[in-house]
2 protein chains.
Amino acid sequence: MAAASIITIGDELLIGQTIDTNSAWMAQELNKIGVWVKRRVAVGDVWEEIWNALDEESKHSEIILITGGLGPTADDITKPLLCEYFGGKMIVSDVALQNVKDIFTKLNRPIIERNLKQAEVPDVCTVLNNKRGTAPGMWFEPHLTSPKGEEKRIYVSMPGVPHEMKGIMLDYVLPQLPSLFNLPAVYHQTLLTAGVGESFLADMIKDFEEALPAYIKLAYLPNYGMVRLRLTGRGDDKAAVEKVVDERFAELKLLVKEFMVTDVDEPIEMTIGKILRSLNKTMGTAESCTGGAIASLITSIAGSSDYFKGSIVSYANEVKENLLSVSHDTLMTVGAVSEETVTQMVKGALAQLKVDYAVATSGILGPGGGTAEKPVGIVWVAVGNKDKIVTQKFQWRFDRARNTDLTVQNALNMLRKFILIN
Amino acid sequence: MAAASIITIGDELLIGQTIDTNSAWMAQELNKIGVWVKRRVAVGDVWEEIWNALDEESKHSEIILITGGLGPTADDITKPLLCEYFGGKMIVSDVALQNVKDIFTKLNRPIIERNLKQAEVPDVCTVLNNKRGTAPGMWFEPHLTSPKGEEKRIYVSMPGVPHEMKGIMLDYVLPQLPSLFNLPAVYHQTLLTAGVGESFLADMIKDFEEALPAYIKLAYLPNYGMVRLRLTGRGDDKAAVEKVVDERFAELKLLVKEFMVTDVDEPIEMTIGKILRSLNKTMGTAESCTGGAIASLITSIAGSSDYFKGSIVSYANEVKENLLSVSHDTLMTVGAVSEETVTQMVKGALAQLKVDYAVATSGILGPGGGTAEKPVGIVWVAVGNKDKIVTQKFQWRFDRARNTDLTVQNALNMLRKFILIN
């Protein structure tokens, strides 16, 4: 199986200013075509660090993908380095030059010397035209001879801007790799469980796991208090691998039946969308502590306007009263963070947004705002339709961001379950 | 300056199932105390890969921080590997055992053999108690002798679950490193610019950049169509480094004055919160295409209830009419994605939410839904108060997620500017 190393270049990754989302996307796409990402390495904008990384990763992998370090500013040194590393000299690429000119014409911005420099490339690479930005991708395929004979190594340098990198990967790298390397079929099946710990699950399916053939691997992936189980099969015979993984997956589903949420590897907001669309039903949200995060996640799915009508984010009590008709009395006696309030919020959302299903949240996510009676981390969630409302109380014990994520994921799971049976 | 390598272990990182947010957080915190993260490496749950990574990173750095691979399941092999690597044998840690028992008592879940295994550690490490989970942190400080004499190397293994890793970093690692290594002072100053490209900016401040002393570095960080500029100074004399960086930063601010958004390194939702709190004013949102993402970002800031009252997410036209009083006629003639609609949405939000400022969005974020007249990527944004409303049209050309982020960031910047002058 061909192995890849991903090298990301840039100080911003090493001082933590940027979270590396590129590598995850690249790994997913490479995995689909049977390339195993063996290592991911991040180094700064430092000549010898980049050089070292190229040397080291060449020992580990046949495919070396490099992102970042190609900007027009002085801290970006990757291009001259690659030129020297592969023994070339810098020339102007006509393709890249035309691309830079086209982009500046479109943006209606003046073009300066520094922009034109973006079109310079080592003469020992193949230019991969970047349709979404000025820095071209560069493909190096040096002919190496090793004691074992000819060894193939390819090196591709791409910009670090995610949508530019993705364009070059999709246009050139992913289509070309299968013709250069002997890639196996890779096949995943994933299911999601809720309400059971990783250790307990592992014990439940111990015998199943031990009986798996060597070419099928089981992984446990914790996910907001739930656990995803993934089977991955690899082999030369695509149909055979898929058949065996599917058989084992069917076994696994039976074993964890009582805890299984879904057997499709997709985010829960997508699962909910599919269910609502199939039922021709609509939904909305009434959010206090989650502040619109549930609505935002639901609408991150393209086409969600088919089933999502809107949300009333009632952060202030006044908005809960005025727009969701939560009773003043309830707010004054049991307070905003209560079963009564979230129940009334669901009713208000159903009426105001004219939807079939609504979900409501109210809680204290921290770090401040807790009391002895209602400590930080307390959250009430309600989901319902015109006939029935169910509620649940949660007590999280993490930071604000994680408490929010946990509330959103668990509220969506309550909604999913409610829709399926009501 | 002491160098650190971060090794993350786990197949989920290499198949792209998980985005590595741990490394960015760790790098930020290490940077604050003067530790330079030289390399970040991710490897899978494979014995020789992990072993290799330890060998290699030991050559690069004095501080090797390892996350992941410590779960209770069979795919986690890091603990026995570390035991062998450092020549120890496994024993039960009383501290870790008590911690496991306490956690299961609190969760009211039955404890099984596999959980108790979590309390086993190599006898050659110091246990770092994990207050937020069952897997203990482990601190290894082997005494190494090199040709140059005694060399200090420390290795810390932590769980991959972000809040558990953070707890161990904050409780033990970050407080202890300064007494073990001679750490320099590190000092950053960052400003944000809008409306100017990276190349143009680089040309504007070319002379400034070239005149910087070697111990001060300038970085360009693109950020949703804006560009952040960061000065970083390093040195032994904290006061002197800060003084020089502050002087240069004052110069830089003058040079880019006309494009500067803020000279504080904080997210724009925090800047807006500070301004509103200082003015004792409130805000709300009326969101169509952003689906609650603006409200969600505003409320991600603790204490935002002081100035944020709520949001009406009007994804459906019906909700725009019913809750925001957008005229049926407007929706039928010029449509939902129009200057008129977002203007009326702002008016509706001001009235319904009873806030001082409101921001509204309506657009087509893709991939579907575009027409010849209103192509994918078109977005109208309006911000206003009772006296005045300003609008702006954007035309994005990326994918749904990036188009959403760009809309949110630019809407927030419009709101910030509006509040400052109105």
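Residues numbered from 1 in each chain as written. Chains lettered and ligands numbered in written order. Predicted model: local features only at pLDDT ≥ 70, side-chain atom pairs only at ≥ 80, totals over all residues.

Visitor: Quick question: what am I supposed to make of the overall build of chain A here?
Guide: Assigned secondary structure in chain A consists of 16 helices and 19 strands. By principal-axis analysis of the C-alpha atoms, chain A measures approximately 80 × 60 × 45 Å. Residue burial in chain A is summarised as follows: out of 422 residues, 48% are buried. (Helix = DSSP H or I, 4+ residues; strand = E, 2+ residues; numbered from the N terminus. Buried ≥ 20, exposed ≤ 12 C-beta atoms within 10 Å, placed from the backbone.)

Visitor: How do you make sense of the interface of chain A and chain B when you look at a structure like this?
Guide: How large an interface is tends to be reported as the accessible area lost when its parts come together. With 79 residues of chain A at the interface, the matching set in chain B holds 79 residues. Its residues placed into classes, the side of chain A that touches chain B shows 35 nonpolar, 24 polar and 20 charged. (Contact = placed C-beta atoms within 7 Å. Nonpolar A, V, L, I, M, F, W, Y, C, P; charged D, E, K, R; others polar.)

Visitor: Explanation requested: the relation of the copies chain A and chain B in the structure shown.
Guide: Copy one and copy two of the chain differ by a rotation about an axis and a translation along that axis. Between chain A and chain B, which share one sequence, the superposing operator has a rotation angle of 180° and an axial displacement of 0.1 Å; the RMSD is 0.1 Å. Within this description, the copies of the chain are treated as partners about a two-fold rotation axis. The fraction of interface residues of chain A whose copies in chain B are also interface residues reaches 100%, indicating that both copies meet through the same surface. (Least-squares fit on C-alpha atoms with pLDDT ≥ 70 in both.)

Visitor: Sorry, what's going on with helix H15 (residues 339–353) of chain A here?
Guide: Each turn of an α-helix holds 3.6 residues, which means side chains three or four residues apart point in the same direction. Along its 15 residues, H15(A) runs 21 Å from first to last C-alpha, staying within 8% of the 21 Å computed at 1.5 Å per residue. Among all positions in H15(A), only A:Thr341, A:Val342, A:Gln344, A:Met345, A:Val346, A:Lys347, A:Gly348, A:Ala349, A:Leu350, A:Gln352 and A:Leu353 are buried. (Expected span 1.5 Å × (residues − 1).)

Visitor: Is there a simple way to explain the sheet that holds strand S16 (residues 308–314) of chain A in this structure?
Guide: Each strand in a sheet pairs with its neighbour through backbone hydrogen bonds, running either in the same direction (parallel) or in the opposite one (antiparallel). Strand order in the open sheet made by the ten strands is S19(A)-S18(A)-S17(A)-S15(A)-S16(A)-S16(B)-S15(B)-S17(B)-S18(B)-S19(B), with mixed pairing throughout. The sheet terminates laterally at strand S19 (389–395) of chain A together with strand S19 (389–395) of chain B, the two strands that pair on one side only. The average undirected angle you get between the axes of adjacent strands in this sheet is 10°. Where strand S15 (residues 283–287) of chain A meets S16(A), five bridges bridge the pair, whose relative direction is parallel. For A:Thr285, the partnering residue across the bridge sits in S16(A) and is A:Ser311. Against the sheet, helix H13 (residues 317–324) of chain B touches S16 of chain A together with strand S15 (283–287) and strand S16 (308–314) of chain B, its axis set at about 140° to S16(B). (Pairing = 2+ DSSP bridges. Axes fitted to C-alpha atoms, helices over the stretch in contact; angles between N-to-C directions.)

Visitor: For this particular structure, what's the right way to read helix H2 (residues 22–32) of chain A?
Guide: All of the buried residues along H2(A) are A:Asn22, A:Ser23, A:Ala24, A:Met26, A:Ala27, A:Leu30 and A:Asn31. Check the buried side of H2(A) and you find it contacts strand S1 (3–9), strand S2 (36–43), strand S3 (63–67), helix H7 (162–180) and strand S11 (185–193) of chain A together with helix H1 (11–14) of chain B.

Visitor: Is there a simple way to think about the environment of A:Val355 in this case?
Guide: Residue and element names in this part refer to chain A. Inspection of the secondary structure assignment puts Val355 in the loop between H15 and strand S17 (357–363). Sequence separation between Val355 and Lys386 is 31 residues; the distance between their C-alpha atoms is 9.3 Å. Once residues within four sequence positions are removed from consideration, Val355 is found in contact with Thr282, Met283, Gly284, Lys309, Ala349 and Leu350.

Visitor: Sorry if this is basic, but what is going on with the pairing of S16(A) here?
Guide: Residues in a regular strand point their side chains to alternate faces of the sheet. Judged by how many residues are buried, S16(A) sits mostly within the fold: seven of seven residues are covered. In this region the chain leaves S15(A), passes through helix H12 (residues 293–298) of chain A and returns to the parallel neighbour S16(A); the handedness of that crossover is right-handed. As paired strands, S16(A) and S16(B) are joined by five bridges and run antiparallel to one another. Looking at the pairing, A:Ile312 lines up with B:Ile312 of S16(B). (Right-handed = clockwise from strand over helix to strand, strands pointing away.)

Visitor: So what exactly am I meant to see when it comes to the environment of B:Val95 here?
Guide: All names here are of chain B. Structurally, Val95 can be placed in helix H5 (residues 94–107). Residue classification places Val95 among the partly exposed residues on the basis of 13 C-beta atoms within 10 Å. A C-alpha to C-alpha distance of 45 Å links Val95 and Asn223, two positions 128 residues apart in sequence. In this view, Val95 contacts Val127 and Asn129; residues no more than four positions away in its chain are not counted.

Visitor: Even after reading the chapter, I still don't get the packing of H2(A) against H7(A), so can you show me in this structure?
Guide: Helix-helix packing: each pair is described by the crossing angle between the helix axes and the interaxial distance. Residue and element names in this part refer to chain A. Where H2 contacts H7, the two axes come as close as 11 Å, and the packing angle between them is 20°. Classified by the angle between their axes, H2 and H7 sit roughly parallel to one another. With respect to the hand of their crossing, H2 and H7 are arranged in right-handed fashion. Residue-level inspection shows Asn22, Trp25, Met26 and Glu29 of H2 in contact with H7, the latter providing Pro162, Met165, Lys166, Met169 and Leu174. Considered class by class, the residues forming the contact of H2 with H7 number six nonpolar, one polar and two charged. (Parallel < 35°, antiparallel > 145°, perpendicular 65-115°, else oblique. Left-handed = near helix turned anticlockwise from the far one by under 90°.)

Visitor: Explain the nonpolar core here, please?
Guide: One recurring pattern in soluble globular proteins: nonpolar side chains tend to sit buried together. In terms of nonpolar packing, the biggest core is built from 102 residues, with A:Val346, A:Ala349, A:Ala358, B:Val346, B:Ala349 and B:Ala358 touching the most fellow members. Within the second largest apolar cluster, 88 residues are counted, among which are A:Ile7, B:Ala42, B:Ile64 and B:Leu177. (Core = buried A, V, L, I, M, F, W, Y, C linked by C-beta atoms within 7 Å.)

Visitor: Help me understand the sheet that holds S11(A) in this model?
Guide: All names here are of chain A. With antiparallel pairing, the four strands of this open sheet are ordered in space as S12-S13-S11-S14. Each edge of the open sheet is held by one strand with a lone partner, namely strand S12 (216–223) and strand S14 (260–262). Across the sheet, the axes of successive neighbouring strands diverge by a mean angle of 35°, strand direction being ignored. Of the pairings in the sheet, the one linking S11 to strand S13 (residues 226–235) comprises nine bridges and is antiparallel in character. Residue pairing for S13: Thr193 is matched across the bridge by Val227.

Visitor: What exactly am I supposed to notice about unusual backbone geometry here?
Guide: Leaving glycine aside, a negative phi is the common case for residues, and trans is the common case for peptide bonds. Residue A:Pro367 is reached from A:Gly366 by a cis peptide bond, and omega for that bond is 0°. Positionally, A:Pro367 belongs in the loop between S17 and strand S18 (378–384). One non-glycine residue, B:Ser325, lies in positive phi territory at about 55°. Here B:Ser325 is to be found in the loop between H13 and helix H14 (328–333).

Visitor: Can you walk me through the environment of B:Asn115 in this structure?
Guide: Residue position: B:Asn115 is located in helix H6 (residues 113–117). Overall, B:Asn115 belongs to the buried group, with 22 C-beta atoms counted inside 10 Å. Residues B:Asn115 and B:Thr134, 19 residues apart in the sequence, show an inter-C-alpha distance of 7.6 Å. Setting aside residues no more than four positions away along its own chain, B:Asn115 makes contact with A:Ser199, B:Pro72, B:Val100, B:Phe104 and B:Thr134.

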